[in-house]
Amino acid sequence: MHALASPAKFIRISDRVFPWLLAATVILLTFGVVEALFISPPDYQQGDTVRIMYVHVPSAWMAMMIYTVMAATSASFLIWRHPLADVAARESAPLGAAFTFVTLVTGSLWGKPMWGAWWVWDARLTSVLILFFLYIGYIALSDSYATQERGKKICAILALVGFINIPIIRFSVEWWNTLHQPASLIRAGGVAIDSSMLIPLLSMGLAFTCFYLLMLTVRVKAALLEQRIRRIRFSD
């Protein structure tokens, strides 16, 4: 795995997968937006407000998934000194912060007509806000120790410690009595959402995933090239 993940090989592989990820992102996003805005029916209770769900829910998925990726790559960096693990974690953080910000904003837009307030200190909303602060803290810390080995270890430890917030977000609606609705996609009895809403929701989720992988590939490649240029300058 270390040989396959060498910086030089990663750059070559990223050049090959970039057009495929770009095409997948555009196709899935276009299909998802058309389905969400024009084909999917309004909810019988929420009306057209439910369409915010097609951005809010996939963004929340991505916010948690990206932090999970950061925790996994940080563990890989600490344990096995994986050559690209630290770079992948650092370049994922701004993307995760952006998705978390979108989650909070769309959640507020959704909450106003549903709850009558832009913000409530609901267990899930509060834990997602904490996740946003974890992202911001990680970014600030990584910028402070961009090239120091000790700083990289501190960032990796922060990512691992902060991961405890992910299961809290996931199960907050089950552990506490909150305003936020419980899981409405998959329940014990199976899929709990009609296919007319499930299809655009999953399409947007896949589109956001492809977009994340696309941007991560670009950011990691740019970071590796920047490291290479820095080494050349220092060697002269």
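Residues numbered from 1 in each chain as written. Predicted model: local features only at pLDDT ≥ 70, side-chain atom pairs only at ≥ 80, totals over all residues. Heavy atoms only, no water.

A word on the side chain of Asn-165. Positionally, Asn-165 belongs in helix H6 (residues 165–175). Looking at Asn-165, the relative accessible area reads 6%, which means it is buried. Here Ser-127 takes part through its backbone oxygen, which lies 2.9 Å from a polar atom of the side chain of Asn-165. In this structure, Asn-165 is in contact with Ser-127, Ile-130, Leu-131 and Leu-134, ignoring residues within four places of it in sequence. (Helix = DSSP H or I, 4+ residues; strand = E, 2+ residues; numbered from the N terminus. Buried < 20%, exposed > 50% of the residue type's maximum accessible area, 1.4 Å probe, protein only. Polar contact = N/O pair within 3.5 Å; in protein donor to acceptor, adjacent residues only side chain to side chain. Contact = heavy atoms within 4.5 Å.)

As a further point, take H6. Every buried residue of H6 is listed here: Asn-165, Ile-166, Ile-169, Ser-172 and Val-173. Looking straight down H6, one finds its buried side chains confined to an arc of 145°; they lie on one side. In this fold, the buried residues of H6 make contact with helix H2 (53–80), helix H4 (123–144) and helix H5 (149–162). (Arc of directions from axis to C-beta.)

All right, on to the pattern of salt bridges then. Note on pairing: side chains with opposite charge can pair once their charged atoms come close. On inspection of all chains with the given rule, the structure shows five salt bridges. Residue Asp-15 pairs with Lys-221 through a salt bridge whose shortest N-O separation is 2.5 Å. Here Asp-15 is found in helix H1 (residues 7–39), whereas its partner Lys-221 is found in helix H7 (residues 195–235), with 206 residues between them in sequence. Accessibility expressed as a relative area gives 41% for Asp-15, which makes it partly exposed. Relative accessible area serves as the criterion here: at 24%, Lys-221 is assigned to the partly exposed category. (Salt bridge = Lys/Arg side-chain N within 4 Å of Asp/Glu carboxyl O.)

This paragraph deals with the nonpolar core. Formed by 44 residues in total, the largest nonpolar core has its most connected members in Met-53 and Tyr-67. Counting only elements with at least two residues in this core, the list comes to H1, H2, helix H3 (85–115), H4, H5, H6 and H7. The leading source of residues in this core is H7, at ten residues. The contacts of Met-53, once residues within four sequence positions are left out, are Pro-58, Trp-110, Ile-193 and Leu-201. (Core = buried A, V, L, I, M, F, W, Y, C linked by side-chain atoms within 4.5 Å.)

With that out of the way, let us pick up the confidence of the model for the protein chain. Interpreting fine coordinate detail is not advised for predicted regions of low pLDDT. Per-residue confidence for the protein chain gives a mean pLDDT of 89; residues scoring 70 or more make up 89%. Least confident of the elements in the protein chain is strand E1 (residues 186–187), whose mean pLDDT is 58; most confident is H2, at 95. (pLDDT = per-residue confidence, 0-100.)

This brings us to unusual backbone geometry. The residue Arg-81 is not glycine, and still its phi comes out positive at about 55°. With respect to the element layout, Arg-81 can be found in the loop between H2 and H3. For Arg-81, a relative accessible area of 39% translates into the label partly exposed.

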